[in-house]
Amino acid sequence: MSDRLAVLPQYLLPKHRLTRFAGRVASARRGARTTALIRWFVNKYGVDMAEAADPDIASYPSFNEFFTRALKDGARPLAQADLVCPVDGAISQFGRIEDDQIFQAKGHAYSTRALVGGDAALAGHFRHGSFATLYLSPRDYHRIHMPCDGRLVRMVYVPGELFSVNPTTARGVPGLFARNERVVCVFETAHGPFVLTLVGATIVGSMATVWHGVVNPPRLGELREWRYDGDEAITLRQGEEMGRFLLGSTVVMLFPQGPLAFNPDWAPARAIRLGERMADWGSPAT
């Protein structure tokens, strides 16, 4: 079966209603029933609870609190690199942005402008730059950390669809990551602006950042923006938590044009872990 045919049912499903229902179930505190749901999930997906700061399944009052569990101290040491991997998961795609086009999968690309919600000036900073798209599966740790030091400038909530973001859907739905609901976080760094985008998906009940809390819901169907400057300036260090998914999804990062060299061990579909080397900035060409 082709990927396009495989994803056809997703066009027909009531994705927003399913997501609202999943969000209610995930936030419910139902004692033994919640523990049974978590235990089923751990067994089905092979979640390694030995890494968790609290490995006791019965200690989590809701599925959301289990899903966004913290790791033990030292479980993810940071590599000596300019940019470290911000999540556990798998590589979807990475590489150069061709003019303003981000490669999604064979036969599919989308624009930086579409990804960031239509802001041409913001998208222009990443013309001929670099990108990395990283997929978090259900079994993964679902907190997102900073790949480098950064000062938060803006956050933009962009409403959209709620397609799945698994590899089959990425191959079958054109412009997937610029169609789905997302939260675009814009930072200033020592090497210029940097965007980290949290992409929503079917049954992703919400996305949250450490400075704002839950961004969605509510899902009002309109673009919303927050700016951070002056007394509201927020700076995060490399490796610090910046956000989390309540159920799994994808992050897309944009970097400006420059001599950025990705980890030579990276390849599409390769498993990745928070803190490993992602990329380094080289010396500018002379």
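Residues numbered from 1 in each chain as written. Predicted model: local features only at pLDDT ≥ 70, side-chain atom pairs only at ≥ 80, totals over all residues. Heavy atoms only, no water.

S.K.: For this particular structure, what's the right way to read helix α4 (residues 32–45)?
M.R.: Residue pairs spaced three or four apart in an α-helix point in one direction, given the helix's 3.6 residues per turn. Spanning 14 residues, α4 covers 20 Å between terminal C-alpha atoms, matching the ideal 20 Å at 1.5 Å per step. Along α4, the positions that sit buried rather than exposed are Thr34, Thr35, Ile38, Phe41 and Val42. Take α4 and look down its axis: the buried residues cluster within an arc of 125°, on one side only. Among the exposed residues of α4, those oriented more than 90 degrees off its buried face are Ala32, Arg33, Asn43 and Lys44. Those residues of α4 that are buried lie in contact with α5 (63–67). Phi for glycine 46, located one or two positions after α4, is positive at around 65°. (Helix = DSSP H or I, 4+ residues; strand = E, 2+ residues; numbered from the N terminus. Expected span 1.5 Å × (residues − 1). Buried < 20%, exposed > 50% of the residue type's maximum accessible area, 1.4 Å probe, protein only. Arc of directions from axis to C-beta. Contact = heavy atoms within 4.5 Å.)

S.K.: Looking at this model, I keep getting lost on the pairing of strand β4 (residues 108–111). Mind explaining?
M.R.: Successive residues of a regular strand alternate their side chains across the two faces of the sheet. In the sheet, strand β3 (residues 101–105) pairs with β4 via 4 bridges, with the strands oriented antiparallel. Within β4, the position partnered with glutamine 101 by the bridge is serine 111. Hairpin connection between β3 and β4: a loop of 2 residues separates the two successive antiparallel strands, and glycine 107 in this loop has a positive phi of roughly 90°. (Pairing = 2+ DSSP bridges.)

S.K.: Even after reading the chapter, I still don't get the side chain of histidine 142, so can you show me in this structure?
M.R.: Among the secondary structure elements, histidine 142 is positioned in the loop between β5 (130–135) and β6 (143–145). The class for histidine 142 is buried, based on a relative accessible area of 0%. A distance of 2.5 Å separates the side chain of histidine 142 from the backbone oxygen of aspartate 140, its partner in a polar contact. (Polar contact = N/O pair within 3.5 Å; in protein donor to acceptor, adjacent residues only side chain to side chain.)

S.K.: Whenever I open this one, the confidence of the model for the protein chain confuses me. Can you help?
M.R.: Predicted coordinates in regions of low pLDDT should not be interpreted in detail. Looking at the protein chain as a whole, its pLDDT mean stands at 89, while 88% of the residues score no less than 70. Mean pLDDT per element in the protein chain: helix α2 (residues 8–12) is the minimum at 61, and strand β1 (residues 83–84) is the maximum at 98. (pLDDT = per-residue confidence, 0-100.)

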